[in-house]
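# Survey of secondary and tertiary structure
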Amino acid sequence: MVKAEALKFNPETIEVTAGKPVKLTFDNADAVDHDLSIMEFPMEMTGATQAPMAGHDMGNMGGMEPELHVAALMGQMATLEFTPTKPGTYEFFCTVAGHKEAGMKGTLIVKTP
Ligand SMILES: [Cu+2]
């Protein structure tokens, strides 16, 4: 479970294990829309995934699509199921314009099994 509140992720560091399925719950307790995205992230999708929402503002992207992306409207929750395939340290952030700059970013650590 990752919570978004006051333009921050909580916790800011998430640890998962390569090859183990992860169910990520993203709880947006803020009064604006947020998402959690990683540009390059080796993984397999393992469950039903929410389609990106129409009209969701990915202002920071400049045409690039993040490989991992879960978005939640204000006050709502979203879940994403995936299995990370490669150990490493990955930066995640919110793609809404200005949010990453405001500190909305964190680290996802994929541990060697
Ligand atoms: Cu945001």
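Structural data are supplied above this passage.
Anyway, here's the lowdown on the structure attached to this text. The residue numbers shown here count from 1 along each chain, following its written sequence. Whole-chain, interface and lining totals are the exception, using all residues; otherwise, since this is a predicted model, local features are given only for residues with pLDDT of at least 70 and side-chain atom pairs are given and counted only at 80 or more. Here the side-chain values reflect all heavy atoms present in the structure, with hydrogen atoms and water set aside.

## A few points about the pattern of salt bridges
Heads up, the rule is: Put simply, a salt bridge is a Lys or Arg side-chain nitrogen that is within 4 Å of an Asp or Glu carboxyl oxygen. The helix and strand labels rest on DSSP assignments: H or I over at least four residues marks a helix, E over at least two residues marks a strand, and numbering proceeds from the N terminus. Relative accessibility decides the category of a residue: with a 1.4 Å probe and only protein chains considered, values under 20% of the type maximum give buried, values over 50% give exposed, and everything between is partly exposed.
Evaluated as defined, the whole model comprises three salt bridges. Its salt-bridge partner being Lys111, residue Glu15 comes within 3.3 Å of it at the nearest N-O pair. Pair noted here: Glu15 is in strand 3 (residues 13-17) and Lys111 is in strand 10 (residues 105-111), with a separation of 96 residues, a long-range link. Note that Glu91 and Lys100 form a salt bridge whose closest N and O atoms lie 3.7 Å from each other. Residue Glu91 is classed as partly exposed on the basis of its relative accessible area of 40%. Relative accessible area serves as the criterion here: at 28%, Lys100 is assigned to the partly exposed category.

## Concerning the pairing of strand 5 (residues 34-38)
Counted only if it meets this: Between any two strands, pairing holds if DSSP finds at least two bridges.
Within strand 5, five of the five residues are buried, which leaves the element mostly enclosed by the surrounding structure. Of the two faces of strand 5, both are covered, the one formed by His34, Leu36 and Ile38 as well as the one formed by Asp35 and Ser37. Where strand 5 meets strand 7 (residues 68-72), five bridges bridge the pair, whose relative direction is antiparallel. Residue pairing in the sheet places His34 in a bridge with Ala72 of strand 7.

## Side note on the coordination of the copper ion
Angles between donor atoms at a metal ideally measure 109.5 degrees for a four-coordinate tetrahedral arrangement and either 90 or 180 degrees for a six-coordinate octahedral one. The cut-off we apply is this: Sites may look incomplete because water is not among the atoms; the donors themselves are N, O and S atoms within 2.8 Å of the metal, or within 3.2 Å for Na, K and Ca.
Here the copper ion is held by His34 (ND1), Cys94 (SG), His99 (ND1) and Met104 (SD), and the distances to it run 1.9 to 2.7 Å. Site description for the copper ion: donor spacing in sequence, H-x59-C-x4-H-x4-M. No difference in accessibility class separates His99 from Met104, as the two residues are buried.

## Things to note about the pairing of strand 8 (residues 77-84)
Note: strand 4 (residues 22-28) against strand 8, six bridges, orientation antiparallel. Paired with Lys23 across the strands is Glu81, a residue of strand 8. Where strand 6 (residues 43-45) lies against strand 8, three bridges are found, and the strand directions are antiparallel. Bridging across to strand 8, Met43 finds its partner in Pro84.

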